[in-house]
Amino acid sequence: MKDTADSYVTADGRTIGPVVMEMKNITLRFGGVEAIKDISFDIRQGEIRAIIGPNGAGKSSMLNVISGFYIPQEGEVWYKGSRRPPMKPFQVAQQGIARTFQNIALFEGMSVLDNVMTGRLTHMKTGLLAQSFWKGAAEREEVENREVAEKIIDFLEIQAIRKTPVARLPYGLKKRVELARALAAEPSILLLDEPMAGMNVEEKEDMSRFILDVNDEFGTTIALIEHDMGVVMDLSDRVVVMDYGKKIGDGTPSEVRNNQAVIDAYLGVAHD
Amino acid sequence: MNEQLAFTIEVFANGLMAGVLYALVALGFVLIYKASGIFNYAQGVMALFAAMTLVGIQNGQVPFAHLINAIFGTEVHHFGWSVHSFAAILLTVVVMIALAWAVQQFVFKHLVGQEPIILFMATIGLAYFLEGVADLMWGSELKALNVCASEGNCLPQGMNVWLEGTTYEALGYGFFIDNLDIVASIVAAILVIGLVIFAQYTKQGRAMRAVADDHQAALSVGVSLNFIWVLVWSLAGFVALVAGIMWGAKSGVQFSLSLIALKALPVLMLGGFTSIPGAIVGGLIIGVGEKLFEFLIGAPYLGGATENWFAYMLALLFLVFRPQGLFGEKIIERV
């Protein structure tokens with residue numbers, strides 16, 4: 001086991017940083033149902049961390065715990081070396097954790113550029129009055145934010161639809177715009193909830209490439225949820241496997257692939 | 001110039017001016033509805049409350065004087081000073097922001113995610129509560145509202161003499177337009193431009209648009225819904241204050257001021273509940289429509305007083321043929 005504060009280099013030469021987020025014994029209940037049962041794992045700086053599992057395993061609930069949409073009944077969330085008190089989702093976002101949603105939550109009435117600019121909200125600081133009069137600091141800040149947004153739009157190859165209202169875009173592009181908005185926040189951790197759900201093979205390949213490029217280019221730490229095993233194994237540095245709210249495996253893709261419990265969960269062995 | 005034509009133009013212009021005042025009230029509805037999905041029945045009472053507070057502060061009235069006197073057996077009514085109009089307006093804005101905060105904190109924070117009809121009922125409760133508080137705070141008698149920059153330099157009353165004189169000399173017909181209406185139009189224009197700039201170019205404005213579009217997505221980019229809701233209620237309170245000043249200066253501050261909310265309903269049917277430009281255009285159409293209808297058809301053929309129902313008839317037609325209004329988001333049901 002590697003020490004939480006140390007970096008290490010993987011077999012294929014990727015440098016993985018120290019632990020940035022740690023989930024300790026998380027239990028989440030909805031009424032009598034335990035969606036997450038006593039799960040612990042960590043996310044390291046600069047890695048691509050996947051949470052996988054069959055439908056209903058509690059993956060999305062886990063992501064919602066990390067992003068503050070759910071408050072777990074038990075357990076602790078540690079972020080950047082200190083325990084995080086229970087927070088609202090917007091406070092989590094302000095701490096530098098950005099996310100996308102399984103069924104896309106974009107601002108449908110706004111253009112692509114406006115959507116991406118909302119991702120910069122946590123970086124906008126100038127006061128209301130200064131902004132209204134568009135002077136000095138406010139103007140500089142607006143220009144800077146605009147530059148970041150444009151850079152990300154270029155990076156994700158959506159320049160051509162910058163001014164298009166999001167409502168008119170096809171599904172695959174919407175997913176990409178949502179990724180762009182999350183990236184615009186320059187997050188410490190980027191959470192992706194089923195980034196490939198509902199996509200065809202070609203779109204999946206594009207999305208995989210973007211995820212790898214983002215991680216590579218910006219060094220963004222990424223935690224993602226998928227139920228498509230194949231995609232995840234190619235993308236991620238480490239994988240947490242969940243089934244029925246429990247953690248049944250944790251390790252590199254090859255370790256997880258050979259884990260009997262994981263094989264059972266995916267191939268469907270009868271649960272007693 | 002043809003007398004009949006000139007008269008029609010004059011009626012048209014007066015209709016536009018009346019429409020601006022309707023639009024001012026409708027604007028408050030749109031702001032809150034867009035950001036939170038709440039149809040705020042209390043918007044009219046907020047205008048009344050704002051106007052009463054403004055007059056009360058200006059005259060140095062002791063708030064809750066009646067209550068204080070009843071409990072402590074005192075006889076206080078006035079502080080014995082009067083406050084300059086601008087300072088009084090600023091103080092009233094502060095009161096309206098406090099009201100916005102209280103409404104969010106004590107009512108709507110607890111009703112997040114409820115059915116629209118429940119939110120609507122809550123605003124009806126709020127309307128009557130606020131009306132009672134306003135009466136208790138400032139007394140229920142009819143008050144005159146005068147906003148003055150300095151002694152004798154007040155919001156103008158009566159006809160614009162200059163306009164009448166000039167048009168009489170140029171066209172042979174002197175147009176009659178109320179000074180206050182002209183001021184109200186200018187103020188409304190500034191207010192709308194200000195709101196648009198705010199919504200388009202400021203951090204809070206962007207966050208407000210984000211919340212109006214999608215709550216979940218707004219949370220995920222770090223926007224506090226609670227803060228934005230207090231903000232829109234404050235803005236609606238400010239708009240209510242402006243509407244209250246204009247209507248109050250026109251016809252005095254009294255209970256009937258709160259009924260202007262009912263006039264805003266047809267405006268919203270026309271303009272759509274979610275569109276700021278819609279509120280303006282809707283207001284103008286209703287204003288012009290009812291004045292022209294009364295002048296051209298109502299008075300000569302229908303025995304007059306059509307202004308009471310024309311707006312609602314027009315709204316009814318819109319409901320049948322274009323339920324989303326002129327500028328509202330199109331209603332598409334997918335099956």
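Rules used throughout
- Along every chain, residues carry numbers that run from 1 in the direction the sequence is written.
- Lettering of chains starts at A and numbering of ligands starts at 1, both following the order in which they are written.
- Per-residue local features are limited, in this predicted model, to residues with pLDDT of at least 70; the limit for side-chain atom pairs, both in listing and counting, is 80 or more; totals at the level of whole chains, interfaces and linings are taken over all residues.
- In DSSP terms, a helix is any run of H or I states spanning at least four residues, a strand is any run of E spanning at least two, and both are numbered starting from the N terminus.
- Working definition of burial: number of other C-beta atoms within 10 Å of the residue's own, with buried at 20 or more, exposed at 12 or fewer, and partly exposed in between, all C-beta atoms being placed from the backbone.
- Residues are treated as contacting if the C-beta atoms built from their backbones sit within 7 Å of each other.
- Just to be clear, the radius of gyration here is over C-alpha atoms, and the globule rule we use is 2.2 Å times residues to the power 0.38.
- Only strands that DSSP links by at least two bridges are regarded as paired with each other.
- Axis definition: a line fitted to C-alpha atoms, limited for helices to the stretch in contact. Angles are taken between N-to-C directions and run from 0 to 180 degrees.
- Throughout this description, the term nonpolar core refers to a group of buried Ala, Val, Leu, Ile, Met, Phe, Trp, Tyr and Cys residues whose C-beta atoms join them within 7 Å.
- In this scheme the crossing of two helices becomes right-handed for a clockwise turn of the near helix relative to the far one and left-handed for an anticlockwise turn of less than a right angle.
- Here the term charged refers only to Asp, Glu, Lys and Arg, the term nonpolar to Ala, Val, Leu, Ile, Met, Phe, Trp, Tyr, Cys and Pro, and the term polar to all other amino acids, Gly among them.
- Angle categories: roughly parallel below 35 degrees, roughly antiparallel above 145, roughly perpendicular from 65 to 115, and oblique for all the rest.
- Residue-level confidence of the predictor is what pLDDT reports, using numbers from 0 through 100.
- The length a helix should cover is 1.5 Å for every residue beyond the first.
- Think of it this way: the bend at a residue is just the angle between two axes, each fitted to seven residues, one set ending at that residue and the other starting at it.

Moving on to the overall build of chain B. Secondary structure summary: chain B contains 13 helices and two strands in total. Projected onto the principal axes, the alpha-carbon positions of chain B cover approximately 65 × 60 × 40 Å. When each of the 335 residues of chain B is scored for burial, the buried share is 44%. Contacts in chain B between residues at least 24 apart in sequence constitute 72% of all its contacts with a sequence separation of at least 6.

In terms of helices and strands, chain A carries ten helices and twelve strands. The globule rule puts the C-alpha radius of gyration for 272 residues at 19 Å, and the 19 Å found for chain A is close to it. Once the C-alpha set of chain A is aligned to its principal axes, its extents read approximately 65 × 45 × 40 Å. For chain A, buried positions account for 41% of its 272 residues. Restricting to contacts in chain A with at least 6 residues of sequence separation, those with at least 24 account for 67%.

Residue and element names in this part refer to chain A. Here six strands make up an open sheet; going across it, the order is β8-β9-β10-β5-β11-β12 and the pairing mixed. Among the strands making up the open sheet, the edge pair consists of β8 (97-99) and β12 (246-251). Neighbouring strand axes in the sheet, compared pairwise and without regard to direction, differ in orientation by 15° on average. Sheet analysis places strand β5 (residues 48-52) next to strand β10 (residues 221-226), joined by five bridges and oriented parallel.

All names here are of chain B. Counting residues in each nonpolar core, the largest one holds 170 residues, and the members touching the most others are A23, L24, A26, A47, A51, V223 and V232. Top element by residues in this core is helix α10 (residues 225-251). It accounts for 19 residues. Other than its neighbours up to four places away in sequence, A47 contacts V25, A240, A243, G244, W247, L257, S258 and I260.

Another aspect to go through is the packing of helix α1 (residues 3-36) of chain B against helix α2 (residues 43-58) of chain B. Residues and elements named next belong to chain B. Remark: α1 packs on α2, axes separated minimally by 9 Å, with the N-to-C direction vectors making an angle of 115°. Relative to α2, α1 is oriented so that their crossing is right-handed. Side by side, α1 and α2 meet where V25, G28 and F29 of the first sit next to Q43, G44 and A47 of the second. Residues belonging to the contact of α1 with α2 are distributed by class as follows: three nonpolar, three polar and no charged.

Helix-helix packing is characterised by the crossing angle of the two axes and by the distance between the axes. Residues and elements named next belong to chain B. Running from N to C, helix α7 (residues 179-201) and helix α8 (residues 203-213) point in directions that differ by 80°, and their axes come no closer than 5 Å. In terms of orientation, α7 and α8 fall into the roughly perpendicular class. Of the residues in α8, those in contact with F198, A199, Q200 and Y201 of α7 are G205, M208 and R209. Considered class by class, the residues forming the contact of α7 with α8 number four nonpolar, two polar and one charged.

Residue and element names in this part refer to chain A. Along strand β9 (residues 189-193), five of the five residues are buried, which leaves the element largely enclosed by surrounding structure. What you see with β9 is no split at all: I189, L191 and D193 on one side and L190 and L192 on the other are buried throughout. Alignment of β8 against β9, held across three bridges, turns out to be parallel. Looking at β9, one finds that I97 is bridged to I189.

Attention now moves to the confidence of the model for chain B. Residues and elements named next belong to chain B. Residue-level pLDDT values for chain B average 88, and 97% of them are 70 or greater. The weakest mean pLDDT in chain B belongs to strand β2 (residues 153-154) at 76; the strongest belongs to helix α4 (residues 85-106) at 95. Among the prediction metrics, the complex's ipTM stands at 0.87, with pTM recorded as 0.86.

Let us now look at unusual backbone geometry. You will see that Y244 of chain A, though not glycine, has its phi angle at about 50°, which is positive. By secondary structure assignment, the location of Y244 of chain A is in the loop between β11 (238-243) and β12. With 15 C-beta atoms counted inside 10 Å, the residue Y244 of chain A sits in the partly exposed group. Phi at A305 of chain B is positive, roughly 60°, even though this residue is not glycine. Following the sequence through the fold, A305 of chain B ends up in the loop between α12 (276-301) and α13 (310-321).

So, about the environment of A122 of chain B. All names here are of chain B. Tracing the backbone shows A122 in helix α5 (residues 116-138). Taking C-alpha positions, A122 is 8.9 Å from Y41, a pair spaced 81 residues apart along the chain. In contact with A122, other than residues within four places in its own chain, are V107 and L111.

This brings us to α12 of chain B. Residues separated by three or four positions in an α-helix point in the same direction, a consequence of the helix having 3.6 residues per turn. For α12 of chain B, built from 26 residues, the straight-helix expectation of 38 Å at 1.5 Å per residue is met to within 8% by its first-to-last C-alpha distance of 36 Å. Taking the largest bend as the criterion, α12 of chain B deviates by roughly 50°, centred on E294 of chain B.

What follows concerns the interface of chain A and chain B. Counting from both sides, the interface comprises 24 residues of chain A and, opposite them, 20 residues of chain B. No other element matches helix α2 (residues 89-94) of chain A, which puts four residues into the side of chain A that touches chain B. Split into classes, the residues belonging to the side of chain A that touches chain B amount to 14 nonpolar, seven polar and three charged.

With that settled, consider the sheet that holds strand β4 (residues 33-44) of chain A. All names here are of chain A. Taken in spatial order, the four strands of this open sheet run β4-β3-β6-β7, and their pairing is antiparallel. Two strands lie at the open edges of the sheet, namely β4 and β7 (82-83), each paired on one side alone. Pairing of strand β6 (residues 74-79) with β7 involves two bridges; the strand directions are antiparallel. When the sheet's bridge partners are listed, Y79 is paired in β7 with S82.

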